[in-house]
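Understanding the architecture of this molecule
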Amino acid sequence: MYSFEVERPTSVADAAAALGKDEAQALGGGQTLIPTLKQRLASPSVLVSLAGIADIKGVSVDGGTVTIGGGTTHGVVAAEAGAYPALAALAGNIGDPAVRNRGTIGGSLANNDPSACYPSAALASGATIVTNSREIAADDYFQGLFETALEEGEIVISVKFPIPEAASYQKFEQPASRFALVGVYVAKFADGVRVAVTGASEGGVYRWSEAEAALSGNFSADALDGLTVSGDDMISDLHGSGDYRAHLVKVMTKRAVAAAS
Amino acid sequence: MPKDHGIGASPKRREDVRFLTGTGNYTDDINVYGQTYVYFLRSDMAHGNIKNIDTAAAAAMSGVVRIFTGADFEGVGGIPCGWQITDVHGEPMQEPAHPVLAIGKVRHVGDPIAAVVAESLEEARNAAEAIEVDIEELPAVVDMKAALEDGATKVHDDLANNLCYEWGFVEDNRAAVDEAIKNAAHVTTLELRNNRLVANPMEPRVALGQYNRADDHSTLHTTSQNPHVIRLLMGAFVLGIPEHKLTVIAPDVGGGFGTKIFHYAEEAFCTFAAKACNRPVKWTSSRSEAFISDAHGRDHVTKIELALDADNNFTALRCDTYANMGAYLSTFASSVPTWLHGTLLAANYKTPLVYTNVKAVFTNTVPVDAYRGAGRPEATFQVERVVDKAARELGVDPIALRRQNFITEFPYATPVAVEYDTGDYNATMDKLEVIADIAGFKARRAESEKKGMLRGFGVNCYIEACGIAPSNLVGQLGARAGLYDAATVRVNATGSISVMVGAHSHGQGHETAFPQVVAEMIGIDESQIDIVHGDTSKVPFGMGTYGSRSLAVCGSAMVRATEKIINKAKKIAAHLLEAADSDIELKDGQFSVAGTDKSVAWGDVTLAAYVPHNYPLEDIEPGLEETAFYDPANFTYPSGAYCCEVELDPETGKVTVERFSAADDFGNIVNPMIVSGQVHGGIGQGIGQALLENAAYDENGQLLSASYMDYAMPRADDVPFYAVDHSACTPCTHNPLGVKGCGEAGAIGSPPAVINAVIDAMQSGGHNVTHIDMPASPSRVWEAMKG
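Going by an unreviewed UniProt entry, chain B carries the name Carbon monoxide dehydrogenase large chain and comes from Pelagimonas varians.

An unreviewed UniProt entry lists chain A under the name Carbon monoxide dehydrogenase medium chain, from Pelagimonas varians.

In structure tokens, the structure reads:
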């Protein structure tokens with residue numbers, strides 16, 4: 001990697017100030033950024049580690065909402081977000097233990113990898129991404145591959161997840177990376193069902209609105225029978241064609257509905 | 001009762017203490033005074049003419065000691081190929097130059113263009129980025145068949161075309177084979193690809209070159225399976241360093257799997273640059289670099305035809321293979337698709353007529369060479385897939401078809417030049433039927449189907465030729481080396497023993513197993529014996545470890561040397577006991593006079609050898625140290641029968657290996673635990689090849705799976721617990737231990753069982769799929785079932 005300065009702020013305000021420096025880059029758990037730096041594919045002048053900010057860590061439950069600090073690791077979410085079982089299960093199946101003990105939800109959502117798990121949970125849950133300057137609805141937050149609504153220097157403080165009546169995340173793993181080749185998160189709320197798909201689309205995580213409509217009327221896997229998914233705008237690579245991913249979207253959605261609890 | 005010591009016992013592997021406690025001594029652990037670091041600037045283009053390399057700005061950067069380009073290697077030899085193939089016309093293969101650093105052209109992504117030696121790796125890398133390289137991109141040659149078309153772009157401009165050789169074996173049988181196929185009652189044809197693999201040993205390659213100006217001596221520490229081979233190739237053919245001025249040391253090595261057999265440019269570079277800079281030069285491959293610089297494995301495209309008579313007897317087999325050589329000829333690349341492949345196509349069957357045609361092709365890809373099994377997995381996959389397909393076409397039981405055609409009388413001379421000394425293929429199949437509970441498959445299938453899953457059953461046999469190899473024979477076949485091995489048994493004054501062996505252990509457990517043999521022969525405790533390996537200045541000239549040869553060849557040398565020790569020790573004991581040599585018996589470390597209670601202990605004899613106060617100095621020399629070289633009379637022929645059961649998710653195409661059983665005949669066995677471990681590892685790699693691993697290039701010669709993000713290595717949860725059995729034993733008839741070798745069997749024997757099971761699963765679901773290429777990834781399976 002190229003040389004860089006490291007800042008280790010202990011407050012959000014100090015972190016925000018540090019991120020104001022020229023070519024500064026926030027560092028969460030580093031599970032994407034550190035390999036990128038090792039490959040010399042990025043050259044920030046300052047890395048601002050968010051790991052020392054206690055205020056952005058932890059899981060809390062308040063009524064129907066689980067709030068997870070942006071600096072909370074996947075391992076902690078898996079262990080402590082039991083109030084939202086589908087979310088805890090998702091976190092517990094990201095990567096391997098080493099990844100789960102370093103990677104953070106804020107880092108994952110800020111990076112918005114098209115194959116990451118968390119974006120589907122946030123989008124399907126209708127979560128709210130709380131930053132140091134505002135609150136952003138998940139529907140407005142995800143803007144394409146590795147693109148989000150975050151501004152330069154904006155930090156994910158927490159993510160507020162409304163707890164659905166039932167939910168499930170079903171991931172079909174890419175054989176090598178074990179990222180989602182296709183992952184589908186289904187969340188059933190009193191006012192309707194939300195379905196978010198990760199791994200599949202060239203546009204990144206998205207809501208499958210036809211499935212949502214069908215499932216809102218009849219929350220059963222059979223309700224999806226008549227739907228078709230087009231492979232046209234799906235990712236096509238060594239691990240599967242767009243048509244294969246489109247097929248898996250339906251299969252995984254059915255499985256998520258069947259497994260939802 | 002299992003034995004608790006000596007041959008047949010399973011003591012825990014003594015080397016694992018250091019491997020598991022972080023106290024191993026790997027090449028990258030070795031750091032020396034004044035050490036510099038080299039970073040190789042590698043081509044990111046598959047094919048291009050080098051127009052200009054400007055190193056001026058880079059050379060002025062911080063920490064740079066010197067920058068090398070191909071021009072610095074004018075007058076230095078290229079990387080040699082160790083095996084010359086003679087083609088169907090009786091001509092030698094086309095053999096291109098393989099410079100240490102690219103000269104004139106780059107020929108694959110990863111081809112080294114320049115090398116920066118600097119005080120630190122970071123400084124070397126910084127300077128490498130400042131080197132200005134002007135390369136005119138040329139069309140990449142990737143597809144083998146397209147590479148052989150008229151007018152195809154040439155990888156090597158000075159060769160006639162991209163064909164390294166066309167080899168036919170046995171060429172005299174060609175017409176007869178074709179005739180038999182034409183007249184057969186049934187012919188089964190299969191076209192398949194044996195997928196390209198990256199070996200991925202846990203430890204990437206490392207080289208540390210040193211030069212001592214005072215005595216003009218070069219030392220190379222390297223991650224090699226065969227340090228003497230590297231010393232010979234690099235010293236004699238590349239750098240012109242006589243053997244006494246060159247030491248090659250391969251200390252602890254973290255896995256080889258074949259890819260650390262070969263002599264690589266980076267080794268020659270570090271040795272050369274250490275002298276040129278008068279500083280030690282170290283290179284440590286990154287994992288990313290390993291993907292584009294370690295020789296790859298397999299990559300054959302094959303059409304195979306099996307002819308059967310009306311009674312389902314195999315009458316002829318023909319194999320037409322395109323074998324990818326990559327951009328240059330790696331050390332043993334040329335031998336893999338020929339002598340290590342064509343000679344195995346009789347497999348376990350008495351097929352009377354066999355013909356193999358191999359076209360070896362240059363492409364703009366990483367060189368391809370031996371990978372665990374090397375040619376034999378390719379042969380086994382072809383034969384066992386086409387036999388399985390034939391059974392399905394004929395509607396006969398695949399096990400019965402195999403049994404019907406088994407070779408049952410030994411020795412057996414195959415129509416492809418080798419003679420199997422011994423074997424019992426029905427015995428391993430009998431074992432397999434038991435340990436795999438083949439009778440219970442139907443019930444297990446029913447259980448799977450209740451869950452909505454398909455279940456498939458696949459079986460195959462294998463035979464391999466290992467214990468490589470009789471030097472005289474391989475010399476006739478084009479090998480440019482002998483393939484004997486050597487051992488020195490050095491008995492110390494107080495009776496402990498150091499055994500210096502030419503074989504190299506990089507995970508095989510020699511340090512545990514070899515002492516078991518010597519301990520058994522002398523009757524002393526294994527803890528009294530240590531193995532020394534991996535250092536050309538310490539061990540006799542041996543050819544190293546590959547081809548499941550270590551115990552069969554080097555172990556035989558060790559036995560011979562130990563026999564010499566025992567003979568001499570008996571003479572000493574006879575003197576001490578005042579008896580005739582011929583009356584001395586050795587048992588449990590005691591020399592005794594037959595028929596008396598007079599005896600003398602091993603330690604008294606060894607002490608007498610080194611403190612010869614009471615010693616027959618007029619008859620024998622003092623000391624107790626013997627060396628033996630052993631050149632095998634034949635290959636050894638391990639064989640076995642393997643079975644795989646898979647579950648297949650018809651909705652996603654995902655295949656899960658539920659059961660895997662292996663019944664092997666390895667001849668006699670020294671350490672059954674180590675043998676089981678070798679089989680486990682080999683099956684893991686075979687399942688990896690069959691379901692997961694794929695080194696795929698795009699049409700521009702870019703490696704699509706150049707990291708673990710896209711190259712799927714098998715992980716613990718991809719494989720089941722294995723049932724392995726090696727109790728079916730027909731000892732090798734021509735080496736003193738009766739051993740055959742077990743290192744490659746798992747990787748050779750497992751891929752066809754997996755694919756046969758996948759086919760069975762798909763057909764059980766009503767899908768008329770007769771073949772699927774490896775890896776049978778979920779998407780491929782889904783595409784195949786979709787039709």
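The subject of this paragraph is the overall build of chain A. Along chain A, the regular secondary structure elements total ten helices and twelve strands. For a compact globule of 261 residues, the expected C-alpha radius of gyration is about 18 Å, and chain A comes in at 18 Å, within 12% of that figure. The buried share among the 261 residues of chain A stands at 52%. Distance between charge centroids for chain A: 7 Å, based on 18 positive and 29 negative side chains.

Let us look at the interface of chain B and chain A. If you look at the interface, chain B gives 26 residues, while chain A gives 23 residues. Summed over both partners, the interface of chain B with chain A comes to about 2,000 Å²; 48% of that surface belongs to carbon and sulfur atoms. Our enumeration of links across chain B and chain A arrives at six salt bridges. In this structure, the salt-bridge partner of Asp718 of chain B is Arg178 of chain A, at a minimum N-O distance of 3.1 Å. The tally of links from chain B across to chain A stands at 19 residue pairs in polar contact (both at pLDDT 80 or more). When contributions to the side of chain B that touches chain A are tallied by element, the ones reaching two or more residues are helix H3 (121-130) and helix H19 (778-786) of chain B. Classifying every residue of the side of chain B that touches chain A gives nine nonpolar, six polar and eleven charged.

What follows concerns the nonpolar core. Residue and element names in this part refer to chain B. The biggest cluster of nonpolar side chains holds 129 residues, and the ones touching the most others in it are Phe660, Leu691 and Val758. If you tally residues by element for this core, the top one is helix H18 (residues 745-764), at ten residues. Discounting residues that sit within four places of it in the chain, Phe660 has contacts with Tyr642, Cys643, Cys644, Ile683, Ile687, Pro720, Phe721, Tyr722, Ala723, Ser750, Ala753 and Val754. Phe514, Val517, Ile584 and Ala609 belong to the second-largest nonpolar core, a separate cluster that totals 48 residues.

The positions UniProt marks with the feature "domain: FAD-binding PCMH-type" (unreviewed entry) are residues 1-166 of chain A. For the annotated span residues 1-166 of chain A, helix accounts for 31% and strand for 21% of the residues, and the straight-line distance between the end C-alpha atoms is 45 Å.

This part takes up the sheet that holds strand E2 (residues 24-27) of chain A. Residues and elements named next belong to chain A. Here three strands make up an open sheet; going across it, the order is E1-E3-E2 and the pairing parallel. Of all strands in the sheet, those bounded by a partner on one side alone are strand E1 (5-7) and E2. Ignoring which end each strand starts from, the neighbouring axes of this sheet average 25° apart. In this structure, E1 lies alongside strand E3 (residues 46-49), joined through three bridges in parallel fashion. Directly across from Glu5, in E3, lies its bridge partner Val46. Along the sheet face, helix H1 (residues 12-19) touches E1, E2 and E3 and points at about 145° away from the line of E2.

Now for the side chain of Thr343 of chain B. Residue and element names in this part refer to chain B. Relative to the assigned elements, Thr343 resides in the loop between strand E14 (314-326) and strand E15 (353-362). For Thr343, a relative accessible area of 6% translates into the label buried. There is a polar contact of 2.6 Å between the side chain of Thr343 and the backbone oxygen of Trp339. Excluding residues within four positions of it along the chain, Thr343 makes contact with Phe169, Thr338, Val416 and Val418.

Assigned domains of chain B: these are domain 1 (30-138 + 202-255 + 260-293), domain 2 (141-198 + 296-394), domain 3 (419-463 + 635-787) and domain 4 (484-630). Here domain 2 of chain B and domain 4 of chain B have C-alpha centroids that lie 45 Å from each other.

We now examine the sheet that holds strand E10 (residues 180-189) of chain A. All names here are of chain A. As summarised here, the arrangement of the four strands in space is E9-E10-E11-E12, forming an open sheet in which the pairing is antiparallel. The open sheet is flanked by strand E9 (166-173) and strand E12 (206-207), the only strands paired with a single partner. Relative to strand E11 (residues 192-198), E10 is paired through seven bridges, and the arrangement is antiparallel. The residue bridging Lys188 from the neighbouring strand is Val193, located in E11. Packed onto the sheet, helix H10 (residues 242-259) meets E9, E10, E11 and E12 and runs at close to 40° relative to E10.

Now for the pairing of strand E7 (residues 163-169) of chain B. Residue and element names in this part refer to chain B. Burial analysis of E7 places six of its seven residues in the buried class, which makes it a mostly covered element. As judged from the six bridges shared by E7 and E15, these two strands associate in the antiparallel manner. Bridge pairing links Leu163 to Val361 in E15.

Here the focus is helix H6 (residues 227-239) of chain B. Residues and elements named next belong to chain B. In a regular helix each residue adds 1.5 Å, so 13 residues correspond to 18 Å; H6 covers only 16 Å between its end C-alpha atoms and thus falls short of that length. H6 sits mainly inside the fold: ten of its 13 residues count as buried. Listed as buried for H6 are Pro227, His228, Val229, Ile230, Arg231, Leu233, Met234, Gly235, Val238 and Leu239. On its buried face, H6 sits against strand E10 (217-222), strand E11 (246-249) and helix H7 (265-277). The positive-phi residue at the C-terminal boundary of H6 is Gly240, with phi of around 65°.

This part is about a nonpolar patch on the surface. Residues and elements named next belong to chain B. A cluster of nonpolar side chains, namely Leu607, Tyr610 and Val611, defines an oily patch on the protein surface of about 230 Å² accessible area. Take Leu607: it is sitting in helix H16 (residues 602-610). Residue class for Leu607 comes out partly exposed when judged on its relative accessible area of 39%.

Residue and element names in this part refer to chain A. Split by domain assignment, chain A resolves into domain 1 (5-49), domain 2 (54-162) and domain 3 (166-259). Computed over C-alpha atoms only, the centres of domain 2 and domain 3 are separated by 20 Å. Contact residues are listed per partner, giving 24 residues for domain 2 and 21 residues for domain 3. Counting across the domain 2 and domain 3 interface gives two salt bridges. We note a salt bridge from Arg194 to Asp139, for which the minimum N-O separation is 3.1 Å. Inspection of the region where domain 2 meets domain 3 yields eleven residue pairs in polar contact (both at pLDDT 80 or more). Put simply, the parts of the chain that give the side of domain 2 that touches domain 3 at least two residues each are helix H4 (85-91) and helix H7 (118-125). Each residue belonging to the side of domain 2 that touches domain 3 can be placed in one class, and the counts come to 15 nonpolar, seven polar and two charged.

A few words on unusual backbone geometry. Leaving glycine aside, a negative phi is the common case for residues, and trans is the common case for peptide bonds. Note the cis peptide between Phe169 of chain B and Val170 of chain B, where omega equals -10°. As for its placement among the helices and strands, Val170 of chain B is situated in the loop between E7 and helix H5 (174-182). Cis geometry marks the peptide bond from Phe410 of chain B to Pro411 of chain B, where omega comes out at -5°. Of note in the backbone geometry, Arg40 of chain A takes a positive phi value of approximately 60° without being a glycine. Within the fold, Arg40 of chain A resides in the loop between helix H2 (33-38) and E3. Positive phi, close to 50°, is recorded for Asn112 of chain A, a residue that is not glycine. Of note, Asn112 of chain A is situated in the loop between helix H6 (105-111) and H7.

Once that is clear, we can look at the pairing of strand E9 (residues 206-212) of chain B. All names here are of chain B. The buried count for E9 comes to five of seven residues, which makes it a mostly enclosed element. In this sheet, strand E12 (residues 281-284) lies alongside E9 in antiparallel orientation, the contact comprising four bridges. Paired with Leu208 across the two strands is Lys282, which belongs to E12. Both E9 and E10 contribute to a ladder of six bridges, which runs antiparallel. Of the residues in E10, the one forming a bridge with Leu208 is His221. Here E9 folds back onto E10, and the loop between the two strands holds four residues, one of which, Asp216, carries a positive phi near 55°.

Quick notes on the rules
Residues numbered from 1 in each chain as written. Chains lettered and ligands numbered in written order. Predicted model: local features only at pLDDT ≥ 70, side-chain atom pairs only at ≥ 80, totals over all residues. Heavy atoms only, no water. Helix = DSSP H or I, 4+ residues; strand = E, 2+ residues; numbered from the N terminus. Rg over C-alpha atoms; globule rule 2.2 N^0.38 Å. Buried < 20%, exposed > 50% of the residue type's maximum accessible area, 1.4 Å probe, protein only. Lys, Arg positive; Asp, Glu negative; His and termini not counted. Charge placed at Lys NZ, Arg CZ, Asp CG, Glu CD. Contact = heavy atoms within 4.5 Å. Buried area = accessible area lost by both parts, 1.4 Å probe. Salt bridge = Lys/Arg side-chain N within 4 Å of Asp/Glu carboxyl O. Polar contact = N/O pair within 3.5 Å; in protein donor to acceptor, adjacent residues only side chain to side chain. Nonpolar A, V, L, I, M, F, W, Y, C, P; charged D, E, K, R; others polar. Core = buried A, V, L, I, M, F, W, Y, C linked by side-chain atoms within 4.5 Å. UniProt positions renumbered as here; feature names shortened; annotations may be inferred. Pairing = 2+ DSSP bridges. Axes fitted to C-alpha atoms, helices over the stretch in contact; angles between N-to-C directions. Domains from an automatic or database assignment. Expected span 1.5 Å × (residues − 1). Patch = residues over 30% accessible without salt bridge, like charges linked within 9 Å, V, L, I, M, F, W, Y side chains within 5 Å. Areas by Shrake-Rupley, 256 points an atom, 1.4 Å probe, with all protein chains shown as cover.

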